[in-house]
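The residues making up each chain are set out below.
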Amino acid sequence: MRLNGEVESMLDSPCVGWCSVRQFGDKYCKGCGRAEWEIKDWKRLPAIYRRLRVIGLAEEGYNLRHLTKPGWRPKLKTITETANE
């Protein structure tokens, strides 16, 4: 990742800077869609997992840093928790 926050590869964090997991204790972040363990261990996760997770989050409709242009403002996604989680 560059100093200005732009991504250089699919391995960079998809964080958009609106972390509801760490601030509000949500199970999944409303900004990027990752679970707390994914956020915490992102750099230690295998490269293939990180690439596939970024693709999956994009398919789910999250506003990832990888897909945005400079000057964008993230729109938080509403997450509904299920009984299975």
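Above this text sits the structure in question.
Enquirer: It is not clear to me how the environment of Asp26 should be interpreted in this structure. Could you clarify?
Expert: Its location among the elements puts Asp26 in the loop between α1 (20-24) and α2 (36-41). Take Asp26: its relative accessible area is 21%, and that puts it in the partly exposed class. Residues Asp26 and Glu36 lie 10 residues apart in sequence; the distance between their C-alpha atoms is 8.6 Å.

Enquirer: Even after reading the chapter, I still don't get the packing of aromatic side chains, so can you show me in this structure?
Expert: The relation between two aromatic rings is expressed through the spacing of the ring centres and the mutual angle of the planes. The tally for this structure, following the rule as stated, stands at one aromatic pair. A ring pair is formed by Trp37 and Tyr49, whose centres lie 6.1 Å apart and whose planes are at 40 degrees; its orientation type is tilted. Taken together, the residues Trp37 in helix α2 and Tyr49 in helix α3 (residues 47-59) connect sequence positions 12 residues apart. By relative accessible area, which is 28% here, Tyr49 ends up partly exposed. When the ring centre of Trp42 is taken as reference, the NZ or CZ atom of Arg34 above it lies at 4.9 Å.

Enquirer: Could you clarify how one ought to interpret the pattern of salt bridges in this entry?
Expert: Opposite charge on two side chains allows them to pair when their charged atoms are near. One pass over the structure, following the stated rule, counts three salt bridges. Lys30 is paired through a salt bridge with Asp26; the nearest N and O atoms lie 3.7 Å apart. Here Lys30 falls in the partly exposed class, since its relative accessible area comes to 31%. Notably, a salt bridge pairs Asp41 with Arg44, separated by 2.6 Å at the nearest N-O pair. Since its relative accessible area comes to 21%, Asp41 is described here as partly exposed.

Basis of the calculations
Residues numbered from 1 in each chain as written. Predicted model: local features only at pLDDT ≥ 70, side-chain atom pairs only at ≥ 80, totals over all residues. Heavy atoms only, no water. Helix = DSSP H or I, 4+ residues; strand = E, 2+ residues; numbered from the N terminus. Buried < 20%, exposed > 50% of the residue type's maximum accessible area, 1.4 Å probe, protein only. Phe/Tyr/Trp six-rings, centres within 6.5 Å; stacked < 30°, edge-to-face > 60°. Lys NZ or Arg CZ within 6 Å of the ring centre and 35° of its normal. Salt bridge = Lys/Arg side-chain N within 4 Å of Asp/Glu carboxyl O.

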